2 protein chains.
Amino acid sequence: MNNFPSSVRINEEGPREGFQIEPALIPTSAKIELIDALSETGLKQIQVVSFVNPKRVPGMADADQVVAGFKPKEGVRYTSLWLNEQGFLRAAASKRLSLTGRIVLSASEAFLNRNQNSSSQKNIDDHRAMMPVYAAHGVAVEHGGLQSAFGCNFQGEIPVETVLKAAADVFSIAEEFSQKLKTFVLADTMAWATPETVKRVVGAIRNRYPDIDVILHLHDTRGMAIANAYAGLQMGVRQYDAAIAGLGGCPFAQHKGASGNVCTEDLVFMCEELGIDTAIDLEALIEAANMAERVVGHPVPGSVMKGGSLKKYRAARLGQRAS
Amino acid sequence: MNNFPSSVRINEEGPREGFQIEPALIPTSAKIELIDALSETGLKQIQVVSFVNPKRVPGMADADQVVAGFKPKEGVRYTSLWLNEQGFLRAAASKRLSLTGRIVLSASEAFLNRNQNSSSQKNIDDHRAMMPVYAAHGVAVEHGGLQSAFGCNFQGEIPVETVLKAAADVFSIAEEFSQKLKTFVLADTMAWATPETVKRVVGAIRNRYPDIDVILHLHDTRGMAIANAYAGLQMGVRQYDAAIAGLGGCPFAQHKGASGNVCTEDLVFMCEELGIDTAIDLEALIEAANMAERVVGHPVPGSVMKGGSLKKYRAARLGQRAS
């Protein structure tokens, strides 16, 4: 049984997910060029940088210059990632980015222990401490979510009950500070998800929080991302994070095979072929994907950018019929 | 609604699909080494070569030597592809291959016109002409199917009615020669399928021919193969062609982005994670995929071979619990 949405929103995260993991430093101008190209595709949200410690993520050392350099397109939200107050203040100082406060915890305690030298309680405390900072800047906290929502290299399977418990922590921080979450991201940080776990976890979250808009953030490390996105579509999920050309990966997952998010143009292709509107120009997206491949200078995972869309074949057929 | 099968059979076609398209000639010994490795993974069917004109497919010029050289494993069917009597006679002469007569037509007339300088009628006649040849060799004709069953670069969308009409031609040839088809392959030759067209076409074929065992042959040119396989699983389809490491592609599709079949180890990973038995050792398959990558000497599409299975993480967790 399908419960396809009539349209989806795709949040492009290639510039952030992609460039933060690239071993070679990408010229700032090339990053800006790609962001500007993505702005012309119909994408409504583009995450352009993360404001993180350049010692840990050298690829993001030029985040301020990237943000200062791109050409904002009307109707597009440009977002950024931050992990602490310092990062948020850099984002706020730029004056060019959309700011939404967020509470994203981890469904896996072991992931926090092993990768962030943290704990669930410390993570909660850190997020609570950010709430007055957001308030001081007039930034509403509307985005919640969970990392490692489908499994974890350090903790193994994550039972739905564990996901719901961590989700309750997220919602309770929001409530404590009188904030109402609108979106809730379920991130498959270490690529454990299958279509069935996507359905199970999405279903459980929506049963508990019927008003929330679920976002799926799907990594393709084990080749399941597009099938997992399809499962999300079957469940009616309307928002997906994605990365142009399949760029990216999580530099902190200690995962040598870490690969990018679900590939934007492959996801757009699937949605459009299923009759689900993306409002994105697939051909422009394919050009941007080819640009992304040139920018990173190595083969990228995307398929439709190599195989091509079906547009030219359909156009040829229409031409034949008309003649 | 899922109608997952309890188990699936995966027909490995990497050696045939993969090596026929490689621009560099692969040493015969390397092909044999890969086939022997695949034999140890639990795969029950491996298509090892195609007997085709070496002028058209130079990568298959050593087909006879490959067939003479591999080490047959008990319980594994070794198969081959042929396109005409000459090819079949080479397969039959080898005495080392399982032979099943087949009637595989094309749902797209334009594909036959443009790629094989043929037509639907000529294709039917050619297959009819093969029937006495099979009979003379005591080979039962049990396998039918259709190329381009989900769309075609030259013909565009293929309506279900067109698929059913072409399928009727297949079954009527079998009936004419008193043969009973057991399996029916639906091939997404030019990668037009989506999960929804897979469901539609599989459903239509099974409604019309309830006793037939459908096989899906899914190309990954546009990144949809694993989602399409998932759709097949949802429909209860129990047999899939696949290619180790995602090797392959159709050299006749005039399709520069032609990429391989659904990747065997990614498909096995998905099935096993969904609780569907494959009887295949995923770790052995990953080793074979790495061998395949070395053999072809360039990056291959497979994901699980790079990202790894989940076995070691689960084993570590069990160790923690035990201690």
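## Points about the overall build of chain A
A tally of helices and strands in chain A yields 13 helices and 8 strands. Against the 2.2 N^0.38 benchmark of 20 Å for 323 residues, chain A shows a C-alpha radius of gyration of 19 Å, consistent with a compact globule. Dimensions of chain A along its principal axes, counting C-alpha atoms only, are 70 × 45 × 35 Å. Counting only residues that meet the buried cut, chain A has 63% of its 323 residues in that class. Contacts spanning at least 24 positions in sequence make up 77% of the contacts within chain A whose residues lie at least 6 apart. Of the roughly 12,700 Å² of accessible surface on chain A, 51% is carried by carbon and sulfur atoms. Charge-centre separation for chain A: the mean point of 33 positive side chains lies 1 Å from the mean point of 35 negative side chains.

## Re the sheet that holds strand β2 (residues 45-51) of chain A
Consider a sheet: its strands pair through backbone hydrogen bonds, and that pairing is either parallel or antiparallel. All names here are of chain A. Taken together, the 8 strands give an open sheet; going across it, the order is β3-β2-β1-β8-β7-β6-β5-β4, and neighbouring strands pair in parallel fashion. Looking at which strands have only one partner, the edges of the open sheet turn out to be β3 (77-82) and β4 (101-106). If you compare each strand with its neighbour and ignore which way they point, the axes differ by 25° on average. Helix α2 (residues 28-39) contacts β1 (9-12), β2 and β3 of the sheet and is inclined by roughly 155° relative to β2. Of the strands in this sheet, β1 and β8 (239-242) touch helix α10 (residues 264-273), which is tilted by about 175° from β1.

## Here's the deal with the nonpolar core
Membership of the largest hydrophobic core comes to 221 residues, with the highest contact counts inside it found for A:Ile205 and B:Ile205. Apart from the residues lying within four places of it in its own chain, the contact partners of A:Ile205 are A:Val163, A:Leu164, A:Ala167, A:Phe184, A:Leu186, A:Ile212 and A:Val214.

## Focus on unusual backbone geometry
Positive phi, normally seen in glycine, also occurs at A:Ala279, with a value near 60°. Relative to the helices and strands, A:Ala279 is located in the loop between α10 and α11 (282-296). The phi torsion at B:Ser178 lies on the positive side, around 55°, for a residue other than glycine. Summarising the element assignment, B:Ser178 is placed in the loop between α7 (160-176) and β6 (183-188).

## Here we look at the pattern of salt bridges
All names here are of chain A. Counted under the stated rule, the structure contains 24 salt bridges over all chains. Across the pair Lys-31 and Asp-62 runs a salt bridge, and its minimum N-O distance is 2.9 Å. Residue Lys-31 is located in helix α2, and its partner Asp-62 is located in the loop between β2 and α3 (63-69); the two are separated by 31 residues in the primary sequence. A relative accessible area of 10% places Asp-62 in the buried class. Note that Arg-128 is salt-bridged to Glu-176, the shortest N-O span being 2.2 Å. Of this pair, Arg-128 sits in helix α6 (residues 120-136) while Glu-176 sits in helix α7 (residues 160-176), and the two are 48 residues apart along the sequence.

## Some thoughts on the relation of the copies chain A and chain B
Take chain A, turn it by 180°, move it 0.0 Å along the axis, and it overlays chain B with an RMSD of 0.0 Å. Put plainly, the chains are arranged around a two-fold axis. Taking C-alpha positions as reference, the residue of chain A nearest the rotation axis is A:Ala227, located at 2.0 Å. A high fraction, 100%, of the interface residues of chain A reappear at the interface in chain B, so the copies pair face to face through one surface.

## Quick notes on α6(A)
In an α-helix there are 3.6 residues to a turn, and that puts residues three or four apart on one side. All names here are of chain A. Counted at 1.5 Å a residue, the expected span for α6 with its 17 residues is 24 Å, and the 25 Å between its end C-alpha atoms agrees. Among the residues making up α6, those that are buried are Asn-123, Ile-124, His-127, Met-130, Met-131, Val-133 and Tyr-134. Of the surrounding elements, those touching the buried residues of α6 are β3, α4 (85-94), β4, α5 (109-116), β5 (141-147) and α7. Gly-138, located one to two residues past α6, shows a positive phi value of around 65°.

## Brief notes about the packing of aromatic side chains
One pass over the full model with this rule turns up 17 aromatic pairs over all chains. Taking 6.2 Å as the distance between ring centres and 55° as the angle between the ring planes, the aromatic pair formed by A:Trp82 and A:Tyr134 counts as tilted. Taken as a pair, A:Trp82 in strand β3 and A:Tyr134 in helix α6 lie far apart in primary sequence, 52 residues in all. Residue A:Trp82 is classed as buried on the basis of its relative accessible area, which comes to 6%. Given a relative accessible area of 2%, A:Tyr134 falls into the buried group. With 6.2 Å between their ring centres and 45° between their planes, A:Trp192 and B:Tyr313 make a pair best called tilted. Here A:Trp192, found in the loop between β6 (183-188) and α8 (195-208), pairs with B:Tyr313, found in helix α13 (residues 311-322), and the two come from separate chains. Residues A:Trp192 and B:Tyr313 agree in their burial class; the two are buried. Aromatic rings pair up to connect A:Phe4, A:Tyr230, B:Phe4 and B:Tyr230 into one cluster.

## Focus: the sheet that holds strand β2 (residues 45-51) of chain B
Residues and elements named next belong to chain B. Strand order in the open sheet formed by 8 strands is β3-β2-β1-β8-β7-β6-β5-β4, and the pairing between neighbours is parallel. The sheet terminates laterally at β3 (77-82) and β4 (101-106), the two strands that pair on one side only. Geometrically, the sheet is characterised by an average inter-axis angle of 25° between neighbouring strands, direction not taken into account. Here strand β7 (residues 213-218) pairs with strand β8 (residues 239-242) via 3 bridges, running parallel. Directly across from His-217, in β8, lies its bridge partner Asp-241. Sheet strands touched by helix α4 (residues 85-94): β2 and β3. Its angle to β3, the strand with the most contacts, is close to 160°.

## Some thoughts on the environment of B:Glu22
The residue B:Glu22 is located in the loop between α1 (14-21) and α2 (28-39) in this model. Through-space distance from the C-alpha of B:Glu22 to that of B:Leu247 is 9.1 Å; in sequence the pair is 225 residues apart.

## Side note on the side chain of A:Asp188
All names here are of chain A. Note on placement: Asp-188 falls in strand β6. Of the side chains bearing the opposite charge, Arg-222 lies closest to the buried Asp-188, which forms no salt bridge; the N-O distance is 7.0 Å. Looking at Asp-188, its side chain comes within polar contact range of the main-chain nitrogen of Ala-193, at 3.0 Å. For Asp-188, the residues in contact, after removing those within four places along its chain, are Phe-150, Ala-193, His-217, Leu-218, His-219 and Asn-228.

## Quick word on the interface of chain A and chain B
With 40 residues of chain A at the interface, the matching set in chain B holds 41 residues. Note on chain A versus chain B: buried area summed over both sides is about 3,300 Å², and carbon and sulfur give 59% of it. Contact with chain B buries area across many residues of chain A, yet A:Arg222, A:Tyr230 and A:Tyr313 alone supply 17% of it, more than any other trio. Where chain A meets chain B, there are 2 salt bridges. One salt bridge in this structure joins B:Arg314 and A:Glu157, with 2.3 Å as the shortest N-O distance. At the boundary of chain A with chain B, the tally comes to 15 residue pairs in polar contact (both at pLDDT 80 or more). Its residues assigned to classes, the side of chain A that touches chain B comprises 15 nonpolar, 14 polar and 11 charged.

Parameters and conventions
- Residues numbered from 1 in each chain as written.
- Chains lettered and ligands numbered in written order.
- Predicted model: local features only at pLDDT ≥ 70, side-chain atom pairs only at ≥ 80, totals over all residues.
- Heavy atoms only, no water.
- Helix = DSSP H or I, 4+ residues; strand = E, 2+ residues; numbered from the N terminus.
- Rg over C-alpha atoms; globule rule 2.2 N^0.38 Å.
- Buried < 20%, exposed > 50% of the residue type's maximum accessible area, 1.4 Å probe, protein only.
- Contact = heavy atoms within 4.5 Å.
- Areas by Shrake-Rupley, 256 points an atom, 1.4 Å probe, with all protein chains shown as cover.
- Lys, Arg positive; Asp, Glu negative; His and termini not counted.
- Charge placed at Lys NZ, Arg CZ, Asp CG, Glu CD.
- Pairing = 2+ DSSP bridges.
- Axes fitted to C-alpha atoms, helices over the stretch in contact; angles between N-to-C directions.
- Core = buried A, V, L, I, M, F, W, Y, C linked by side-chain atoms within 4.5 Å.
- Salt bridge = Lys/Arg side-chain N within 4 Å of Asp/Glu carboxyl O.
- Least-squares fit on C-alpha atoms with pLDDT ≥ 70 in both.
- Expected span 1.5 Å × (residues − 1).
- Phe/Tyr/Trp six-rings, centres within 6.5 Å; stacked < 30°, edge-to-face > 60°.
- Polar contact = N/O pair within 3.5 Å; in protein donor to acceptor, adjacent residues only side chain to side chain.
- Buried area = accessible area lost by both parts, 1.4 Å probe.
- Nonpolar A, V, L, I, M, F, W, Y, C, P; charged D, E, K, R; others polar.

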